[in-house]
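For reference, the chains in residue letters:
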Amino acid sequence: MKPIITILLLSFAATLHAANLQLEISHIHSAAPLFLESQRYKTKASESYALTRLSYLLSGFALQTASGEWIELPNEVAYFDARKRLQSHLLSNVDPSQYTALRFNLGVDKRRNHSDPAQYPPDHPLNPNHNQLHWTWQDGYIFLALEGRYVKEKQQTGFVFHLANDWNLTPITLPAQIDLRHNAAIEISFDLNKLFTFPQPITFADDGDSTHSDRDDALAAKLASNIPYAFQADRALSFAPKRKTKPLSPIDFPQSHTPYAFNLNKTFPIPDLPPDNPLIQERVDLGEKLFFDPRLSFDNTISCASCHDPKLSFSDPRKLSVGIQNKTTSRHSMPLVNLAWKDEFFWDGRVSSLREQVIHPLTDPTEMGSDLDALLKEIADDPNYKSAFPKAFASGEISALNLSLALESFILTIVADDSRFDQAMRGEARLTEQERRGFELFMTEYEPRSKRFGADCFHCHGGALFTDNQFHDNGLQILDADLGRAHATGEKSDERKFSTPTLRNLTLTAPYMHDGRFATLEEVVAHYAGPIEKRDTLDPNLAKHPASGLQLSPSDQAALVAFLKTLTDPEDGL
C-alpha cells in the first residue's frame, strides 16, 4: 500500500501547488477602447461602420517553457462577448513554471465542433443557450460572430461576418513572459482595426457584407488570415483569484419533498434553473393552483391563465390583453413556454427572474391590480392554501416571496419540445416536400455573393429552442411610441428592440409581434419577405438585405409557413 499512498500524496501536492492564469482580453480599436453601436470607425476604403456584436470562442490553450516545450491545457474552452462584457477566463491547475509564450485557437477543434451541444452545463462556454454561437440542425459552432452596420450610398445597411467550420480554426501565438510560480494574469488586446486592415484589408465594397464561411469564401479566408495579428499580449502581472461565491441555498426548503422530474427533448440545452428554488412537486402544484386562481386579481375576476391560456400555449388570442375592469394593456401577452432557458423577461427584458416577473402583473393597476398584503390575507383564509404552503415551504409562511417562488416553479415546468418537426428529426415522422423546402429556406442565409437566397430566419430563431432569447429591431413599421428594450435600458441604441419569442407552438399563439399586429403566419412571413423599414437600430441580419427585402416567391412563402406549422406540439401544444 505504501507506493499507492506516496503517489496519492504526490498528486495532492502537485494539485496544491498548481497555478492559475487569468486571461483578460480588452476589445479595442487602434489604441482606444472599442465602443459598440458607435458609427466612428472606418475601413481602408473610408467606409463608415459601427459594431453591434463581437463574440467568439477560444480553445487549444498551451504555454511554452523556456526550453521550447509546450504545456497543453486540453480541457480549456473560453467564451468572450463584448456586449455581455465577458472579457476574462481563468486557466486553472497550470504547472507552476516560467513561460515565454501563450498559444490558443480562435474556434474549437473538430471533435468539440461536432459534439452534442446539449451535453454542456448551463454556464459552460459551449452551452448554445449561453453563447448563442451554435448552428443547431446545421451542426457546428460559430467561432467568431462580428456584426454591425455600415453606410452604403448614404444609407445604413448591415454586415454579418460569421467565421466557422473546421478549416477556419485559427491558431494564435503570443510571446509573453509569464511567471506562474505564483498565480498570474495576462492582459491581451484584441484590435478590431487590425482585424479589418492587416495584413489583408477588408472592405464592404470589395469583399461583401456577409460570410458564413464556405470552404472557398475569400472573405472568411481574409478574416482567418488577419485574426492572429489582431491579438497582442500587453503585459503579465500577479493575480489573486477571487474566492468562489458560496452557492445559493434553497429558500425555505421543506425537509420532506418530492423532486420534480424535469424531462425534456435531448436536443435542448441544459437550462440554468434557479439553485435557490429547486423544482419540487409540492411547489409546482402550489404554483399551478395560484396560476389559475382569480382571487389573485383585485376584483377576483381574472387569473394568470386569463391572459395565458394553456390551450393556446399559455398565450392570449387577443391583440392586446385585457386586465381588471376591462382595462387594455399596451402589449400582447407573450406565450409562457420554455422560460427555463430565458433570463430577461417581458418584451423589453426589464426584469431578470421569473419570481420578480410574476409580481408585476399581480400588482399592475391595468392588469390584475392587487394589493399584495390584502391578497395574502385573502388566500391565507383558504384551507387548501393553509395546507399547501407548509408542504412547499419549511416555514409554511404565506408570503409574497413564497407566492412568487411557487409561481416561478410552475412556470419553469411549462415546456414545448415534442412537435412533429422533432418527431421527424428522430425519424418517427416525415415532413412533406413543401415543409422540407420551408426548413431549407429557414436555415439558409440570404447572401447573393455566395448565391444563397434563403429566408435567414435561423439567425434570431435558431437552435432547438427556435429563439436566441435576445432583443432585436425587426423592422416593424412604427405605429406607436413603444421604444421596447430602450424602456428598460435607457439606451438609444435599444430603441424598437423587442425580445425574440420562440417559434414553438406558433400556430397556437396568434396574433403575432409585441403589439399583436399580425393576425396570421402569412402576414408575418410577408413582413420579412419585404420591404422592411430601415433605421439605425435595425438588426444587422436584416439590415444587410436589399431595401426591397428578400422578395420570396409566393410558393416559398407558403413553404416557410408550412414548415413553421410543424413546430407545434400535438394535443394542446404541451
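All of these numbers come straight from a predicted model, not from anything done at the bench.

J.: Tell me what's going on with the overall build of the protein, and back it up with residues and numbers.
T.: Summing up its helical and strand segments, the protein has 19 helices and 17 strands in all. For the protein, the C-alpha radius of gyration of 26 Å lies close to 25 Å, the compact-globule estimate for 574 residues. Principal-axis analysis of the C-alpha atoms places the extent of the protein at approximately 75 × 75 × 50 Å. For the protein, buried positions account for 55% of its 574 residues. Considering only intrachain contacts with a sequence separation of at least 6, the fraction spanning at least 24 residues in the protein is 71%.

J.: Summarise the packing of aromatic side chains; cite the residues concerned and give the values.
T.: In this structure the tally under the stated criterion is 36 aromatic pairs. On the basis of an interplanar angle of 80° and a centroid distance of 6.2 Å, the ring pair of Tyr 49 and Phe 159 is categorised as edge-to-face. Here Phe 159 lies in strand S9 (residues 155-164) and Tyr 49 lies in strand S4 (residues 48-65), a separation of 110 residues in the sequence. Summarising the burial analysis for this pair, Tyr 49 and Phe 159 share the class buried. Ring geometry for Phe 198 against Tyr 229: centres 5.3 Å apart, planes inclined by 90°, an arrangement best described as edge-to-face.

J.: Explain the packing of helix H14 (residues 433-442) against helix H19 (residues 554-565) to me, and be specific about the residues and the numbers.
T.: Between H14 and H19, the least distance of the axes is 7 Å, while the angle of their chain directions is 95°. One element, H14, and the other, H19, form an angle in the roughly perpendicular class. On H19, the residues that touch Gln 434, Glu 435, Arg 437, Gly 438, Phe 439, Leu 441 and Phe 442 of H14 are Asp 556, Ala 558, Ala 559, Leu 560, Ala 562, Phe 563 and Leu 564.

J.: Give me the environment of Ile 478: which residues, what numbers.
T.: Here Ile 478 lies in the loop between strand S16 (471-472) and helix H16 (486-489). Since its relative accessible area comes to 39%, Ile 478 is described here as partly exposed. Taking the C-alpha atoms as reference points, Ile 478 and Glu 533, separated by 55 residues in sequence, lie 8.7 Å from one another. Discounting residues that sit within four places of it in the chain, Ile 478 has contacts with Arg 496, Glu 533 and Arg 535.

J.: Requested: an account of the pattern of salt bridges, with residues and values cited.
T.: Under the criterion given, the structure shown has 33 salt bridges. A salt bridge links Arg 295 to Asp 382; the shortest N-O distance between them is 2.6 Å. Taken together, the positions of Arg 295 in the loop between helix H7 (281-291) and helix H8 (354-357) and Asp 382 in the loop between helix H10 (372-380) and helix H11 (383-392) put the pair 87 residues apart, joining distant regions of the chain. As a salt-bridge pair, Glu 428 and Arg 426 come within 2.9 Å of each other at their nearest N and O atoms. On the accessibility criterion, Glu 428 (55% relative accessible area) is exposed. The class for Arg 426 is partly exposed, based on a relative accessible area of 39%. Taken together, the salt bridges that share partners define one network made up of Glu 37, Arg 83, Arg 149, Asp 494 and Lys 497.

J.: So, empty space enclosed by the protein: which residues are in play, and what are the values?
T.: Where empty space is left becomes clear once a probe the size of a water molecule has been rolled over the atoms. Scanning all chains against the criterion turns up three cavities of 30 Å³ or more. Its volume calculated, the largest cavity comes out at about 680 Å³. Listing elements by their share of the lining of the largest cavity, those giving two or more residues are helix H15 (458-461), strand S17 (498-499), helix H17 (521-529), helix H18 (540-543) and H19. Looking at which element gives the most residues to the lining of the largest cavity, the answer is H17, with five residues. Taken together, the residues of the lining of the largest cavity sort by class into 24 nonpolar, eleven polar and four charged.

J.: Explain H7 to me, using residue names and the numbers behind them.
T.: What H7 keeps buried is the set Glu 282, Arg 283, Val 284, Leu 286, Gly 287, Leu 290 and Phe 291. Looking at the buried positions of H7, the neighbouring elements they touch are H10, H11 and helix H12 (400-412).

J.: Could you give an account of the side chain of Arg 535, naming the residues involved and the relevant values?
T.: Structurally, Arg 535 can be placed in the loop between H17 and H18. Among all residues touching Arg 535, those that are not within four sequence positions of it are Asp 473, Gly 475, Leu 476, Ile 478 and Arg 496.

J.: Tell me about the nonpolar core, residues and numbers included.
T.: Grouped together as the largest cluster of nonpolar side chains are 94 residues, with contacts concentrated most on Tyr 56, Leu 106, Ile 178, Phe 231 and Phe 442. The greatest single-element share of this core, amounting to eight residues, is contributed by S4. Membership of the second largest hydrophobic core comes to 48 residues, among which are Ile 324, Leu 376, Leu 403 and Ala 406.

J.: Explain the pairing of S9 to me, and be specific about the residues and the numbers.
T.: Taking burial as the measure, the ten residues of S9 include nine buried ones, the bulk of the element. With ten bridges connecting them, strand S8 (residues 142-152) and S9 associate as antiparallel partners. Looking across to S9, one finds that Tyr 150 is bridged to Thr 157. Counted between consecutive antiparallel strands, the loop separating S8 from S9 contains two residues, among which Glu 153 sits at a positive phi close to 55°. Relative to strand S12 (residues 210-211), S9 runs parallel, the two being bridged by two bridges. When the bridges of S12 are listed, Val 160 appears paired with Ser 210.

J.: Before we move on, could you go through the confidence of the model for the protein and cite the residues and values that matter?
T.: Confidence along the protein averages 94 in pLDDT terms, with 97% of residues attaining 70 or more. Between residues 1-16, whose pLDDT stays under 50, and residues either more than four places distant or in other chains, the model counts one contact.

J.: Which residues make up the side chain of Thr 203, and what are the values?
T.: The residue Thr 203 is located in the loop between helix H4 (192-197) and helix H5 (204-207) in this model. We classify Thr 203 as buried; its relative accessible area is 5%. In this structure the side chain of Thr 203 is engaged in a polar contact, spanning 3.2 Å, whose partner is the backbone nitrogen of Asp 206.

J.: Can you explain unusual backbone geometry? Please cite residues and give values.
T.: Following Ala 510, the chain continues into Pro 511 via a peptide bond in cis, with omega recorded as 0°. Relative to the helices and strands, Pro 511 is located in the loop between S17 and H17. A cis amide bond, omega -5°, links Gly 530 with the succeeding residue Pro 531. Position of Pro 531 among the secondary structure elements: in the loop between H17 and H18. Here the phi dihedral of Ser 313 falls at roughly 55°; this positive angle occurs in a residue that is not glycine. Tracing the backbone through its elements, the reader meets Ser 313 in the loop between H7 and H8.

Parameters and conventions
- Note on numbering: residues in each chain are counted from 1, in written sequence order.
- Totals for whole chains, interfaces and linings use all residues, but because this is a predicted model, local features are given only for residues with pLDDT of at least 70 and pairs of side-chain atoms are given and counted only at 80 or more.
- Hydrogens and waters are ignored; side-chain quantities use all the structure's heavy atoms.
- Only runs of H or I of at least four residues qualify as helices and only runs of E of at least two qualify as strands under DSSP, and these elements are numbered from the N terminus.
- Here the radius of gyration uses the C-alpha set of atoms, whereas the globule reference equals 2.2 Å times the residue count to the power 0.38.
- Buried means the residue's accessible area, taken with a 1.4 Å probe over protein chains only, is under 20% of the maximum for its type, while exposed means over 50%, and partly exposed covers the values in between.
- When checking whether two residues touch, look at their non-hydrogen atoms; a contact exists if any pair is within 4.5 Å.
- Any pair of Phe, Tyr and Trp rings, taking the six-membered ring for Trp, is counted once the centres come within 6.5 Å. Such a pair is stacked with planes under 30 degrees apart, edge-to-face with planes over 60 apart, and tilted for the rest.
- In this analysis an axis means a line fitted to C-alpha atoms, helices contributing only their contacting stretch, and an angle means the value between N-to-C directions, from 0 to 180 degrees.
- Should an angle lie under 35 degrees it is considered roughly parallel, over 145 roughly antiparallel, and from 65 to 115 roughly perpendicular; all remaining angles are considered oblique.
- A side-chain nitrogen of Lys or Arg and a carboxyl oxygen of Asp or Glu constitute a salt bridge if their distance falls within 4 Å.
- Points on a 1 Å grid, built from protein atoms alone, make a cavity when a 1.4 Å probe fits but cannot get out and make a pocket when they are open with protein on both sides within 12 Å along at least 5 of 7 lines; residues with an atom within 4 Å of a point are the lining residues.
- Grid points are joined across faces, edges and corners, and a volume is the space filled by probe spheres set on the points.
- Classification used: nonpolar for Ala, Val, Leu, Ile, Met, Phe, Trp, Tyr, Cys and Pro, charged for Asp, Glu, Lys and Arg, polar for all others including Gly.
- Nonpolar cores were defined as sets of buried Ala, Val, Leu, Ile, Met, Phe, Trp, Tyr and Cys residues, with membership established by side-chain atoms within 4.5 Å.
- The criterion for strand pairing is that DSSP finds at least two bridges linking the strands in question.
- Confidence of the predictor in every single residue is expressed as pLDDT, which spans 0 to 100.
- Definition of a polar contact: a pair of N or O atoms within 3.5 Å, with one able to donate and the other able to accept a hydrogen when the atoms are protein atoms, and with sequence-neighbouring residues admitted only if both atoms are side-chain atoms.

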